[in-house]
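Structural characterization, general
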Amino acid sequence: MRRFSKQLSVVFTLLLCASALSPAVNAAGPESRTKAFSTGAFDPFIDFINQRVRQGWEDNEVDPSPVASDEEWIRRVHLDLIGQIPSAETVEKFVKDRDPAKRSKVIDQLLDDPGYVQNFTNVWTNLLIGRRTPRRVSRNGMQKFLREAFAKNRPWDETVQDLVTAEGHFEENGAVNYLLAQMQNNDEAVQVTAATTRLFLGIQVQCTQCHNHPFNDWKQNQFWEYNSFFRQMRRVNHRKTDPKTGRQVDDYSEIVATGFDGPVYYEKRSGLMQVAYPIFEEVKVSPDSGVERRKEFSKLIVKGDRPLIATAIVNRMWGYFMGYGFTRPVDDMGPHNPASHPELLNKMAEELVKKDYDLKQLARWICNSEAYNLTSQYGGKNEIDSPERGETPLFSHMYVKNMTAEQLYDSLIVATGAHKSGQSNWERAEQQRRQWMNQFMVAFDTDSGDDTTTFNGTIPQALMMMNGELTKNAISAESGSYLNQMLLSKGNDQDKIRKMFLSTLSRYPDRREVTSAQRLIARSPDKLAAYQDLYWALLNSNEFIFNH
């Protein structure tokens, strides 16, 4: 087994950490902002977004950070849209491109890239059923449903309607798995009610199943009125005989309709029993058994010019791309939690409805906005824009985001070429990928689609990155590996150092970094080992692990 010169590598890693993600930068002065920023896109709605965000800067007397360099931006937009860093060749080509509209063109290209489908399928699979697949749930079925939805760019309202009204076999109708994942306990669809309102409507009413919310306007009766819509279904688990053992084993699960009718009864904290009918935003639905309540619910949640379902997905997508949504958290909207930019949030929701819930268009608006294109570094004139310290986000610079486990895995593959996931078909590639992912999920105890699944520099995560099998294989110098090919290529040490930086950090090294790396290689009696140490240090740097 190869031994790493960890001491030298750690020193080099510290050097990278101290320089690349340094917050110090001069904010863009008034003179530089007289010329409006543009990615080259012509959609007038992007100008509206920029105007509303700029108004926030003026109102709070902050100057935005400068526009991100091409290297910083191309890495960010690849991670956000297709879930992996760009190749070194992609970065070089983009930097050399003199087309003033090159950013908007890259956004369009990535939205049409198969990686976009895989990335958002991953994002929503984790949100809908979690990273660890619940028992009696088909992850393949869930992914198949989402993959088709994102590949066809189906209107978001239709996708949500299919999810909340789904019935049938968990692989023949993959949408069923969202409901099955919530129905793990015999709780009369309580978890379905809580998850549906949080994920698709951006409101958190789970606390009100027992009592009125102590800090906002949500009442207990509202929870049970929503719950009434999900009482006409149940899960059925089928078993079969294993021909080899003769024993009964799990076969498949499904959602079937029931003939439930009438109201729902719940108990108040005083002990009094109350009745709740299916009601959504003051619209009462008949409790008769002949009325399909979930279908009625799916119609009600998309009614109006700016329904909650539109506001919720805008807030969630803005938060996904920018690091923070207009509310914090993104799925807890309401009078108790006012949005940072309410006019912008509402207008984007209205425009999304007019665009038939086109999620690609929503992503296009955000990625072409001025705020998305700013550097993540900040300075004295916008250091108060610090939502991580509890301040209201002003979006005067890009907030540093943790990579997801999937982004880290796929980026390691792009940077090193290690363990290519076999491109034979989607399922096989996903199976191999999940095998790799398991080591991270077990080590990090990440079992749901929340923030705990991200890489935020905890000690177990750092140890996994430093010593894990994935990293060890990624820096392999065996024949055919990226490192082997790079070392056999023409050029001196400086050329090779530049290539290693470009393949991992999507940028060229500065003079100090080149000098440090050359010293690292010169001091080592084993040149190959020194290059592997350098590669190890780059892959373990904050600049590689974070999306900035």
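Quick note: structure is the one above.
Note that the structure is a prediction, hence the values are computed from the model and not measured. (Residues numbered from 1 in each chain as written. Predicted model: local features only at pLDDT ≥ 70, side-chain atom pairs only at ≥ 80, totals over all residues. Heavy atoms only, no water.)

We now examine the overall build of the protein. For the protein, the helix and strand inventory stands at 24 helices and 9 strands. Across the 548 residues in the protein, those meeting the buried criterion constitute 53%. Restricting to contacts in the protein with at least 6 residues of sequence separation, those with at least 24 account for 70%. Surface exposure of the protein reaches about 25,000 Å², of which carbon and sulfur atoms provide 48%. (Helix = DSSP H or I, 4+ residues; strand = E, 2+ residues; numbered from the N terminus. Buried < 20%, exposed > 50% of the residue type's maximum accessible area, 1.4 Å probe, protein only. Contact = heavy atoms within 4.5 Å. Areas by Shrake-Rupley, 256 points an atom, 1.4 Å probe, with all protein chains shown as cover.)

With respect to the element layout, Leu-201 can be found in helix α10 (residues 190-201). Look at Leu-201 and you get buried, because its relative accessible area is 0%. Between the C-alpha atoms of Leu-201 and Ala-310, which are 109 residues apart in sequence, the distance is 8.0 Å. If sequence neighbours within four positions are ignored, Leu-201 has contacts with Thr-196, Phe-280, Phe-297, Ile-301, Leu-308, Ile-309, Ala-312 and Met-333.

A few words on helix α4 (residues 88-96). Of all the residues in α4, the buried ones are Ala-88, Val-91 and Phe-94. In a view along the axis of α4, the buried residues occupy a sector of 130 degrees, so they form one face of it. Counted as exposed and oriented over 90 degrees from the buried face of α4: Glu-89, Lys-93 and Lys-96. Those residues of α4 that are buried are in contact with α3 (70-82), α5 (102-111) and α21 (493-505). (Arc of directions from axis to C-beta.)

With that out of the way, let us pick up the packing of aromatic side chains. Going through the model one piece at a time under the given rule, you end up with 23 aromatic pairs. Ring centres of Phe-45 and Phe-48 lie 5.6 Å apart, and the angle between their planes is 15 degrees; on these two criteria the pair is classed as stacked. Placement of the pair is Phe-45 and Phe-48 together in helix α2 (residues 44-59), with a separation of 3 residues, close to one helical turn. Put simply, the rings of Tyr-116, Phe-120, Phe-150, Tyr-320, Phe-321 and Tyr-372 pair up and form one aromatic cluster. Of note, Lys-102 hangs over the ring of Phe-94, and the distance from its end group to the ring centre comes to 4.5 Å. Looking at Lys-284, its charged tip hangs above the ring of Tyr-277, at a distance of 4.2 Å from the centre. (Phe/Tyr/Trp six-rings, centres within 6.5 Å; stacked < 30°, edge-to-face > 60°. Lys NZ or Arg CZ within 6 Å of the ring centre and 35° of its normal.)

Once that is clear, we can look at the sheet that holds strand β1 (residues 168-169). Strand pairing in a sheet relies on backbone hydrogen bonds, with the paired strands running either antiparallel or parallel. What the 3 strands build is an open sheet, ordered β1-β3-β2; its pairing is antiparallel. With partners counted over all chains shown, the strands left at the sheet margins are β1 and β2 (233-241), one partner each. Strand direction decides the pairing type here: β2 and strand β3 (residues 248-257), joined by 8 bridges, are antiparallel. Pairing of Arg-239 across the sheet is with Asp-250, part of β3. (Pairing = 2+ DSSP bridges.)

Let's shift gears to the pattern of salt bridges. For the structure shown, the criterion picks out 29 salt bridges. The closest approach of N and O atoms between Arg-364 and Asp-108, which form a salt bridge, is 2.8 Å. Of this pair, Arg-364 sits in helix α15 (residues 359-367) while Asp-108 sits in helix α5, and the two are 256 residues apart along the sequence. In this structure Asp-108 comes out as partly exposed when scored by relative accessible area, which is 32%. Linking Glu-406 and Arg-131 is a salt bridge whose minimum nitrogen-to-oxygen distance equals 2.6 Å. Linking Glu-406 in helix α16 (residues 405-416) with Arg-131 in the loop between α6 (114-129) and α7 (139-151), this pair joins segments that are 275 residues apart in sequence. The two residues Glu-406 and Arg-131 agree in class, both being buried. Three or more residues are tied together by salt bridges with common partners; here these are Arg-135, Arg-136, Arg-239 and Asp-250. (Salt bridge = Lys/Arg side-chain N within 4 Å of Asp/Glu carboxyl O.)

What follows concerns the packing of α10 against helix α11 (residues 220-228). Any two packed helices are characterised by how steeply their axes cross, that is the angle between the axes, and by the distance between the axes. Where α10 contacts α11, the two axes come as close as 9 Å, and the packing angle between them is 105 degrees. In terms of their interaxial angle, α10 and α11 are classed as roughly perpendicular. Seen from α10, the contacting residues are Val-190, Thr-193, Ala-194 and Thr-197; seen from α11, they are Phe-223, Trp-224, Tyr-226 and Asn-227. Taken together, the residues of the contact of α10 with α11 sort by class into 5 nonpolar, 3 polar and no charged. (Axes fitted to C-alpha atoms, helices over the stretch in contact; angles between N-to-C directions. Parallel < 35°, antiparallel > 145°, perpendicular 65-115°, else oblique. Nonpolar A, V, L, I, M, F, W, Y, C, P; charged D, E, K, R; others polar.)

Direction of pairing for β1 relative to β3: antiparallel, over a ladder of 2 bridges. Paired with Gly-168 across the two strands is Ile-255, which belongs to β3. The loop that links β2 with its antiparallel partner β3 comprises 6 residues; one of these, Gly-246, has a positive phi angle of about 75 degrees.

Moving on to the nonpolar core. Counting 101 residues, the largest nonpolar core has Val-77, Leu-81, Leu-128, Phe-200, Trp-318 and Met-348 as the members making the most contacts within it. If you tally residues by element for this core, the top one is helix α13 (residues 308-322), at 9 residues. In contact with Leu-128, other than residues within four places in its own chain, are Met-142, Leu-146, Leu-163, Tyr-178, Ala-181, Gln-182, Leu-199 and Phe-200. (Core = buried A, V, L, I, M, F, W, Y, C linked by side-chain atoms within 4.5 Å.)

All right, on to a nonpolar patch on the surface then. A cluster of nonpolar side chains, Tyr-265, Met-273 and Val-275, forms an exposed patch at the surface whose accessible area comes to about 330 Å². Looking at the element boundaries, Val-275 is found in strand β5 (residues 273-276). (Patch = residues over 30% accessible without salt bridge, like charges linked within 9 Å, V, L, I, M, F, W, Y side chains within 5 Å.)

Looking at the secondary structure, you find Leu-300 in helix α12 (residues 293-300). Judged by relative accessible area, which is 12%, Leu-300 ranks as buried. When the C-alpha positions of Leu-300 and Val-283 are compared, they lie 8.2 Å apart, and in sequence the two are 17 residues distant. Excluding its chain neighbours within four sequence positions, the residues that come into contact with Leu-300 are Phe-229, Phe-280, Val-283 and Val-285.

For the rest of this paragraph, the subject is the packing of α10 against α13. One way to put it is that α10 packs onto α13 with a least axis distance of 7 Å and a crossing angle of 70 degrees. With respect to their mutual orientation, α10 and α13 come out roughly perpendicular. Along the contact surface, α10 presents Arg-198, Leu-199, Phe-200 and Leu-201, while α13 presents Leu-308, Ile-309, Ala-312 and Arg-316.

Here we take up unusual backbone geometry. The omega torsion of the bond from Arg-328 to Pro-329 falls at 0 degrees, within 30 degrees of zero and hence cis. Among the structural elements, Pro-329 can be located in the loop between α13 and α14 (342-354). The phi angle at Asn-153 is positive, at roughly 50 degrees, despite the residue not being glycine. Tracing the backbone through its elements, the reader meets Asn-153 in the loop between α7 and α8 (156-164). One non-glycine residue, Glu-188, lies in positive phi territory at about 55 degrees. Note that Glu-188 resides in the loop between α9 (176-182) and α10.

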